[in-house]
Amino acid sequence: MKIIIAGCGKVGYALAEQLNEEGHELTIIDTNEEKAGLVGNVLDVMCIQGNATSYRVQVEAGVKEADLLIAVTGKDEVNLLCCLIARKAGHCQTIARVRDPGYYAEIGFIKEELGLSLAINPELAAASDIARLIRIPSAMDVDAFAKGKVDLVRFRIPDGSSWSERKISEATKRFGFNMLICVVEKDGSHEVIIPDGNTILHEGDYISVIVPPDKMKALFSSIGIESKMIRDVMIAGGGTLAYYLARMLLESKIQVKIIENNRARCDELSELLPKAMIIYGDASGTDLLREEGIESSDAFISLTGLDEENVMLSCYVGKVSKAKVITKINKINYGGIIDNFDIGSVISPKYLTAEHIIKYVRGMQNSMGSAVEAVYKLIDNKVEALEFFVKKDSKVLNVPLSDLKLKSNLLLCNIVRRGKLILPTGQDSIKAGDTVIVVTTHKGLDDIEDILA
């Protein structure tokens, strides 16, 4: 498709990188000529220096022939105006990043009046992901599929686990419910495997498992992971993400303590979140964390504006407390460096935003056969987990799975049919109306037929 991206900051670059990899024709607009030129050289895409709210600039970028405009500049008002002009000038579909809680509270009205196809709030998406991790504290990552009927949960096999040194088929045969190990990341080498029943598990391996939410406790008990409910949370940093998260946690009757070093923001949070404890101070001072009870807290979440500070805070808390640790990281170009730090679960708002938009783009590409309902990038983008809603007239319908020639390094994990979870065997087949969950190392699948070799 022909796609215009307005703004090439962190989110814009991440989007351009992924969409370019999937073969789309991209044009980037940014007011910063140096930044636009750098992105153009690295990704080999067309870049235009200019104001994306200008009709002339959008026409130069090809808005009249474009299929989609994505506005992810640093200002909500600019993003919304970009989309309005694009709708009037080119009749293309539009996506806007909208971060301000005031705007987002009225997003239904704004979408309808401006003709937005999608509005995405990075901080709200990140808060939802963190809240899910708080509800399942033993997991490192949790992604929801099939409207919450099944979760993809990532965790580490602990030392001394009964699953260690056993084949997957042996470790999982005792369960009386549908669960499937989809991805194995080997400890040390970081090799990523789409496993089969003969794959042997070891202590320290990271595994991703498809499991119904109500069976999570039984799964963790079997593998030897202590499952403890989280009742109180300490948050470092009082930005928009912290506000959204605190509101969600308070609604779940979880006690929240926020440490923020800006006095005016503390006053604002005290009014917005009267049931939370707001503390004025510097969270990087370890004495303050001890005074506020970090050693006995159930969870600690680093949400300051500096990645380096978040990493160091999480490392410190990991040493002095048994709290579940969650760390916000915006720059994923650290490569494997942060893998050597004990910082718990990592959340990146910019990549969550990219995931939501990529899902929408793939759904646009194939609205006839089977639209992508969800797409998640796993393990530093090495693996994709996708959810397809299967419509009629697909080549994969009513064929026993044993007769389908599937791509290598691809696992068909679950079929959801009329609300019922099916762990598929070779005798099962895909029906129209099914939701199918697939995990693979192949990139860019946008139709259920793409699973075929």
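- By the naming in an unreviewed UniProt entry, the protein chain is Trk system potassium uptake protein TrkA, taken from Eisenbergiella tayi.

1. What about the domain arrangement of the protein chain?
- Under the domain assignment used here, the protein chain contains domain 1 (2-120), domain 2 (132-223), domain 3 (230-351) and domain 4 (362-451).
- The gap between the C-alpha centroids of domain 1 and domain 3 is 31 Å.
- Taken together, the two surfaces of domain 1 and domain 3 that pack against each other cover about 560 Å², and 62% of this comes from carbon and sulfur.
- The largest share of the area that domain 1 buries against domain 3 comes from Lys10, Ala14 and Pro101, three residues that together contribute 61% of it.
- Summed over the shared surface of domain 1 and domain 3, the number is zero salt bridges.
- Taken together, the connections running from domain 1 to domain 3 amount to zero residue pairs in polar contact (both at pLDDT 80 or more).
- Every element with two or more residues in the side of domain 1 that touches domain 3 is listed here: α1 (10-21) and α5 (101-104).
- With five residues, α1 is the single largest residue contributor to the side of domain 1 that touches domain 3.
- Its residues placed into classes, the side of domain 1 that touches domain 3 shows four nonpolar, one polar and four charged.

2. Examining the environment of lysine 173
- Note on placement: lysine 173 falls in the loop between α8 (168-172) and β10 (180-185).
- Lysine 173 sits 21 residues away from leucine 152 along the chain, and the two C-alpha atoms are 19 Å apart.

What counts, and where the lines are drawn
- Residues numbered from 1 in each chain as written.
- Predicted model: local features only at pLDDT ≥ 70, side-chain atom pairs only at ≥ 80, totals over all residues.
- Heavy atoms only, no water.
- Domains from an automatic or database assignment.
- Buried area = accessible area lost by both parts, 1.4 Å probe.
- Salt bridge = Lys/Arg side-chain N within 4 Å of Asp/Glu carboxyl O.
- Polar contact = N/O pair within 3.5 Å; in protein donor to acceptor, adjacent residues only side chain to side chain.
- Helix = DSSP H or I, 4+ residues; strand = E, 2+ residues; numbered from the N terminus.
- Nonpolar A, V, L, I, M, F, W, Y, C, P; charged D, E, K, R; others polar.

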